[in-house]
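# Chains, contacts and geometry: an overview
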Amino acid sequence: MRLQDECGAVRRERVLPADRWTAWELLADPGELEGWLADEVDLELVEEGAEGTFRWTDGSVRRVVVEEVVPGRRLALRWEAAAPGDDAPDTLVELTLDDHGDGTLLRVVELQLVVLEAHGAELPVVTGGRAGGGPVLLAA
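This is a predicted model, so every value here is computed, not measured. (Residues numbered from 1 in each chain as written. Predicted model: local features only at pLDDT ≥ 70, side-chain atom pairs only at ≥ 80, totals over all residues. Heavy atoms only, no water.)

## Side note on the overall build of the protein
Summing up its helical and strand segments, the protein has three helices and ten strands in all. Out of the 140 residues in the protein, the part that is buried amounts to 35%. Pairs at least 24 residues apart make up 32% of the contacts formed inside the protein by residues separated by at least 6 positions. Accessible area for the protein stands at about 8,600 Å²; split by element, carbon and sulfur atoms hold 50% of it. (Helix = DSSP H or I, 4+ residues; strand = E, 2+ residues; numbered from the N terminus. Buried < 20%, exposed > 50% of the residue type's maximum accessible area, 1.4 Å probe, protein only. Contact = heavy atoms within 4.5 Å. Areas by Shrake-Rupley, 256 points an atom, 1.4 Å probe, with all protein chains shown as cover.)

## Comments concerning the side chain of Arg 20
As for its position among the elements, Arg 20 is in helix α2 (residues 20-27). Given the relative accessible area of 12%, Arg 20 is considered buried. Apart from residues no more than four positions distant in its own chain, Arg 20 is found in contact with Gly 72, Arg 73, Leu 97, Asp 98, Asp 99 and Thr 104.

## So, the packing of aromatic side chains
Throughout the structure, instances matching the rule amount to three aromatic pairs. Taking 6.4 Å as the distance between ring centres and 75° as the angle between the ring planes, the aromatic pair formed by Phe 54 and Trp 56 counts as edge-to-face. On the accessibility criterion, Phe 54 (0% relative accessible area) is buried. Judged by relative accessible area, Trp 56 falls into the partly exposed class, the value being 22%. Ring geometry for Trp 56 against Trp 79: centres 5.7 Å apart, planes inclined by 40°, an arrangement best described as tilted. On the criterion of sequence distance, the pair formed by Trp 56 in the loop between β3 (51-55) and β4 (61-70) and Trp 79 in strand β5 (residues 74-81) is long-range, its members being 23 residues apart. Overall, Trp 79 belongs to the buried group, its relative accessible area being 9%. (Phe/Tyr/Trp six-rings, centres within 6.5 Å; stacked < 30°, edge-to-face > 60°.)

## Digging into the pairing of β4
The pairing of β3 with β4 spans five bridges and is antiparallel. Counterpart to Thr 53 in the pairing with β4 is Arg 63. Linkage of β3 to β4, two consecutive antiparallel strands, is achieved through a turn of five residues, within which Gly 59 is found at a positive phi near 95°. Where β4 lies against β5, eight bridges are found, and the strand directions are antiparallel. Bridge pairing links Val 70 to Arg 74 in β5. (Pairing = 2+ DSSP bridges.)

## Concerning the nonpolar core
Among the nonpolar cores identified, the biggest contains 22 residues, and Leu 33, Phe 54, Leu 75, Leu 77 and Leu 95 are the most heavily contacted of them. For this core, the elements supplying multiple residues, two or more each, are α2, β2 (40-43), β4, β5 and β6 (91-100). Apart from residues lying up to four places away in sequence, Leu 95 is in contact with Leu 27, Leu 37, Arg 73, Arg 74, Leu 75, Leu 77, Leu 106, Arg 107 and Val 108. (Core = buried A, V, L, I, M, F, W, Y, C linked by side-chain atoms within 4.5 Å.)

## Here we look at the side chain of Thr 104
In this structure, Thr 104 sits in strand β7 (residues 103-117). On the accessibility criterion, Thr 104 (0% relative accessible area) is buried. Reaching out from Thr 104, the side chain makes a polar contact with the backbone nitrogen of Arg 20 at a distance of 2.9 Å. Non-local contacts of Thr 104, meaning those with residues more than four positions away in its chain, are made with Arg 14, Val 15, Leu 16, Ala 18, Asp 19, Arg 20, Ala 23, Leu 97 and Asp 98. (Polar contact = N/O pair within 3.5 Å; in protein donor to acceptor, adjacent residues only side chain to side chain.)

Shown next, in the form of structure tokens:
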């Protein structure tokens, strides 16, 4: 069993009736993300570091940060609480595309992010030219 499975990752797969690049064009267009990921998407560009907001008709709101973009293959988004008091966990949502016969296999994996506090441990995190302890954000 993989760690992701033990930590309650949510996984979905669907074969899309389109080639991988056509499917990618839809993922890479913020306007097309409406209906795929949220009811309303406020995101200027799908590029690393871009920030926006996703909203749903039930009133849910999540702040979104684009973490990684591999054109034609992968999109990773960090979803965070959008308002103080929102107790929804921060998550990493990864969407990957793979060729599948005449279509494209879309995989969506959502992992809860966990903040660990390292006390006195030397970690391979470089800040100001040195490794050291501090908060570390991990996908559970």
